[in-house]
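Chain by chain, the residues:
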Amino acid sequence: SQKIEQNSEALNIQEGKTATLTCNYTNYSPAYLQWYRQDPGRGPVFLLLIRENEKEKRKERLKVTFDTTLKQSLFHITASQPADSATYLCALYNQAGTALIFGKGTTLSVSS
Amino acid sequence: NAGVTQTPKFQVLKTGQSMTLQCAQDMNHEYMSWYRQDPGMGLRLIHYSVGAGITDQGEVPNGYNVSRSTTEDFPLRLLSAAPSQTSVYFCASSTRVGRRGTNEKLFFGSGTQLSVL
């Protein structure tokens, strides 16, 4: 079955720096990979989707890369701010397209 | 639009009690699902539905029942609560999930925090 790993449970960085979060997957070749943000006490909120034929996708200060050879996606937040502090989850669908499988998440803390 | 609405927000049960977690969406989404989120375990899929009258099991279905009589509602039933079911439960919905190569994003509710003593 598909497996997703986010190899850092927590990441602490200083304001203004670039945060880089990693998502690795096995046993599957997804056509798309998604990233979500979750704040304490709230449900996850969709941020970005990247297709397998897209090397990179940007949205404001966010950048996502997708390397299907390495089976890895990197999520970057440039010029990070304390308001970026949250848990970030990567996710991909199973082969049947019936279930979105999530990584365990990386909790980002940005200090001023 | 309210989006995905979950009730109650908090609930405390005694072992063996039953209850229903409610989920409603007003976006006319075909797909609805229930996840539980536990520390160190991430989000795990309990049950899902690709349309009214159709439900299926996810990764951790034991101890939970679901039904989908309308497009809008997808209640989750705990028939006999156990301490292992202490968790935060999220309902999520989307359009047209259930085909290979799908890319639909999920819309989540705000969650129900359940404690079973």
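Let me sum up the structure you'll find in this document.

Thresholds applied
Residues numbered from 1 in each chain as written. Chains lettered and ligands numbered in written order. Predicted model: local features only at pLDDT ≥ 70, side-chain atom pairs only at ≥ 80, totals over all residues. Heavy atoms only, no water. Helix = DSSP H or I, 4+ residues; strand = E, 2+ residues; numbered from the N terminus. Rg over C-alpha atoms; globule rule 2.2 N^0.38 Å. Buried < 20%, exposed > 50% of the residue type's maximum accessible area, 1.4 Å probe, protein only. Contact = heavy atoms within 4.5 Å. Areas by Shrake-Rupley, 256 points an atom, 1.4 Å probe, with all protein chains shown as cover. Buried area = accessible area lost by both parts, 1.4 Å probe. Salt bridge = Lys/Arg side-chain N within 4 Å of Asp/Glu carboxyl O. Polar contact = N/O pair within 3.5 Å; in protein donor to acceptor, adjacent residues only side chain to side chain. 1 Å grid on protein atoms, 1.4 Å probe; cavity = no way out; pocket = protein on both sides within 12 Å on 5 of 7 lines; lining within 4 Å. Points joined across faces, edges and corners; volume = space filled by probe spheres on them. Nonpolar A, V, L, I, M, F, W, Y, C, P; charged D, E, K, R; others polar. Pairing = 2+ DSSP bridges. Axes fitted to C-alpha atoms, helices over the stretch in contact; angles between N-to-C directions.

### What about the overall build of chain B?
Inference 1: The helix and strand tally for chain B stands at zero helices and eleven strands.
Inference 2: When the helices and strands of chain B are placed in sequence order, the string is β-β-β-β-β-β-β-β-β-β-β.
Inference 3: For chain B, the C-alpha radius of gyration of 14 Å lies close to 13 Å, the compact-globule estimate for 117 residues.
Inference 4: Overall, the C-alpha framework of chain B stretches about 40 × 25 × 25 Å when taken along its three principal axes.
Inference 5: Evaluated residue by residue, chain B yields a buried proportion of 47% over its 117 residues.
Inference 6: Pairs at least 24 residues apart make up 55% of the contacts formed inside chain B by residues separated by at least 6 positions.
Inference 7: Put simply, chain B shows about 5,400 Å² of open surface, and 49% of that area lies on carbon and sulfur atoms.

### What about the interface of chain B and chain A?
Inference 1: At the junction of the two partners, chain B supplies 25 residues and chain A supplies 21 residues.
Inference 2: Summed over both partners, the interface of chain B with chain A buries about 1,800 Å², with 54% contributed by carbon and sulfur atoms.
Inference 3: At the surface where chain B touches chain A, the tally comes to zero salt bridges.
Inference 4: On inspection of chain B and its partner chain A, the count reaches eight residue pairs in polar contact (both at pLDDT 80 or more).
Inference 5: If you list the elements that add at least two residues to the side of chain B that touches chain A, you get β4 (31-38), β5 (42-51) and β9 (87-94) of chain B.
Inference 6: A total of four residues in the side of chain B that touches chain A trace back to one element, the largest contributor, which is β5(B).

### A short note on the environment of A:Ala91
Residue and element names in this part refer to chain A.
Inference 1: Following the sequence through the fold, Ala-91 ends up in strand β9 (residues 86-93).
Inference 2: For the pair formed by Ala-91 and Ile-4, sequence separation is 87 residues and the distance between their alpha carbons is 7.6 Å.
Inference 3: Discounting chain neighbours no more than four positions away, the residues touching Ala-91 are Ile-4, Leu-33, Gln-34, Tyr-36, Leu-100, Ile-101 and Phe-102.

### Concerning the pattern of salt bridges
Residues and elements named next belong to chain A.
Inference 1: Per the stated rule, a full pass over the model turns up seven salt bridges over all chains.
Inference 2: In this structure, the salt-bridge partner of Asp-39 is Arg-37, at a minimum N-O distance of 3.0 Å.
Inference 3: In this structure Asp-39 comes out as partly exposed when scored by relative accessible area, which is 29%.
Inference 4: Between Arg-58 and Glu-56 there is a salt bridge whose closest N-O contact spans 2.9 Å.
Inference 5: Residue classification places Glu-56 among the partly exposed residues on the basis of a relative accessible area of 38%.
Inference 6: The network of salt bridges with shared partners includes Glu-56, Arg-58 and Lys-63.

### Overview of the layout of surface pockets
Inference 1: Within this model, the largest pocket holds a volume of roughly 1,100 Å³.
Inference 2: Considering the residues around the largest pocket, the lining is formed by 43 residues, among which A:Lys104, B:Gln37, B:Met41, B:Gly42 and B:Leu43 are closest to the centre.
Inference 3: Among the secondary structure elements, those contributing two or more residues to the lining of the largest pocket are β1 (3-5) and β10 (100-102) of chain A together with β4, β5, β9 and β11 (112-116) of chain B.
Inference 4: Considering each element in turn, the lining of the largest pocket owes the most residues, four residues, to β5(B).
Inference 5: For the lining of the largest pocket, the per-class residue count stands at 14 nonpolar, 19 polar and ten charged.
Inference 6: Its boundaries defined by the atoms lining it, the second largest pocket holds a volume of some 160 Å³.

### Quick word on the sheet that holds strand β7 (residues 64-66) of chain B
All names here are of chain B.
Inference 1: Across the sheet, four strands lie side by side as β1-β3-β8-β7; this open sheet has antiparallel pairing. The sheet terminates laterally at β1 (4-7) and β7, the two strands that pair on one side only. Averaged over all pairs of adjacent strands, the angle between their axes in this sheet comes to 20°, without regard to strand direction.
Inference 2: The pairing of β7 with strand β8 (residues 76-78) spans three bridges and is antiparallel. Residue pairing in the sheet places Tyr-64 in a bridge with Leu-78 of β8.

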